[in-house]
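Descriptive analysis of the structure
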Amino acid sequence: MELDLQPLNLPCSTERPFIIAGPCSAETEDQVMNTAKQLAGKGFHVFRAGIWKPRTKPGGFEGNGEKALPWMQMVKQETGMLTATEVATPEHVELALKYGIDILWIGARTTANPFAMQSLADALKGVDLPVFVKNPVNPDLELWIGALQRLNGAGIKRLGAIHRGFTSYEKKLYRNVPMWQIPIELHRRLPNLPVVNDPSHISGRRDLIAPLCQQAMDLGMDGLMVESHCDPDKAWSDASQQVTPDVLDYILSMLTIRETVDLTASLSTLRKGIDEIDNELIDLLAKRMGISREIGAYKRDNGMTIVQTKRYSEILDKRAAQGVLKGIDAECIKKIFECIHEESVRQQVELLR
Ligand code: PEP
Ligand code: MN
């Protein structure tokens, strides 16, 4: 289903991409005003702060709720910035509207729940505000699109998406793995929907924000949502990923914005998808080689031969059959696995030297 969209029409400086900046949470009036004034001083136009915070475990800071909403009004009055916050329930929507919040976003945990999404869509009927939908915590493009469709069905036309990465069991470099192919495919499916990148929640680490911002720009994303706090180390939530307004300004000033990457051109979009998948293939191959070296060490320590012919033929036959089920020629799969096996053997032999 095509979405019935209108442009977001949000303010943006000419030197930078569209940016939403502000702390993870609205903690105190001082922290909100101090951060907002610094951001406004650096020419930012849209201020974010979480009023209701979805926390993985109970006991953490869950947001100030309604008490913090007058601070957002103050931000608007004193700095002229537009304000944005996360809503997760119809009650949040009602309060956000009551206090004149300008932009709403739906958090990753809420997007993942169709019941919650439908009740938000119902609460937003007849409301003309820009609404951003973060990707669901799980890598499910259809669920993300479904959430957007529910809002659009309720008449919300100024819609945007926020790519904040996906939960994985294995914690590695990133707090949430980016899986860039998913927002790229979203863009291919809905070319008129603006997609904003959130490097703060992808990385979980402030030192990775700059390279992620650059990558998002290189992939043709339409803007960035970055967490910024006047005193990041003392933040009540997500301290390790927040940067001061000064640092944010510096990071953005270092970005290279390349000639408009025309992501709507479907060829370049598809090619980016291929690049992402190739990166993943190489990572997986490296992982496979790592296990293969462990097997090599086991064989060496137990006096076994390196090539176990029975296992090798089994792999080739099974993989060829699996490939055929996915529409790939058996001979092609065999060739690929012969190559992989050859390299595995080379790496195991090296262990004997
Ligand atoms: C946030 O933006 O502070 C937040 C809670 O994000 P997410 O829904 O992406 O986890
Ligand atoms: Mn946060």
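Residues numbered from 1 in each chain as written. Chains lettered and ligands numbered in written order. Predicted model: local features only at pLDDT ≥ 70, side-chain atom pairs only at ≥ 80, totals over all residues. Heavy atoms only, no water.

1. Quick notes on the overall build of the protein
- Looking only at helices and strands, the protein has 13 helices and 8 strands in total.
- A principal-axis box enclosing the C-alpha atoms of the protein has dimensions of 75 × 45 × 45 Å.
- Counting all 353 residues of the protein, 47% fall into the buried class.
- Counting only contacts in the protein whose residues sit at least 6 apart along the sequence, the fraction spanning at least 24 positions is 73%.
- As presented, the protein carries roughly 17,600 Å² of accessible surface, and 54% of it is formed by carbon and sulfur atoms. (Helix = DSSP H or I, 4+ residues; strand = E, 2+ residues; numbered from the N terminus. Buried < 20%, exposed > 50% of the residue type's maximum accessible area, 1.4 Å probe, protein only. Contact = heavy atoms within 4.5 Å. Areas by Shrake-Rupley, 256 points an atom, 1.4 Å probe, with all protein chains shown as cover.)

2. Re the domain arrangement of the protein
- For the protein, the assigned domains are domain 1 (18-253) and domain 2 (265-352).
- A C-alpha centroid distance of 40 Å is found between domain 1 and domain 2.
- Residue-level contacts link 9 residues of domain 1 with 7 residues of domain 2.
- Three residues stand out in domain 1 for area buried against domain 2, namely Gln-181, Ile-184 and Arg-188, and they jointly supply 59% of the buried area on that side.
- At the boundary of domain 1 and domain 2, one finds 1 salt bridge.
- Between Glu-170 and Lys-287 there is a salt bridge, with the nearest N and O atoms lying 3.8 Å from each other.
- On inspection of domain 1 and its partner domain 2, the count reaches 1 residue pair in polar contact (both at pLDDT 80 or more).
- Sorting the residues of the side of domain 1 that touches domain 2 by element identifies helix H7 (181-189) and helix H9 (209-218) as the ones contributing at least two each. (Domains from an automatic or database assignment. Buried area = accessible area lost by both parts, 1.4 Å probe. Salt bridge = Lys/Arg side-chain N within 4 Å of Asp/Glu carboxyl O. Polar contact = N/O pair within 3.5 Å; in protein donor to acceptor, adjacent residues only side chain to side chain.)

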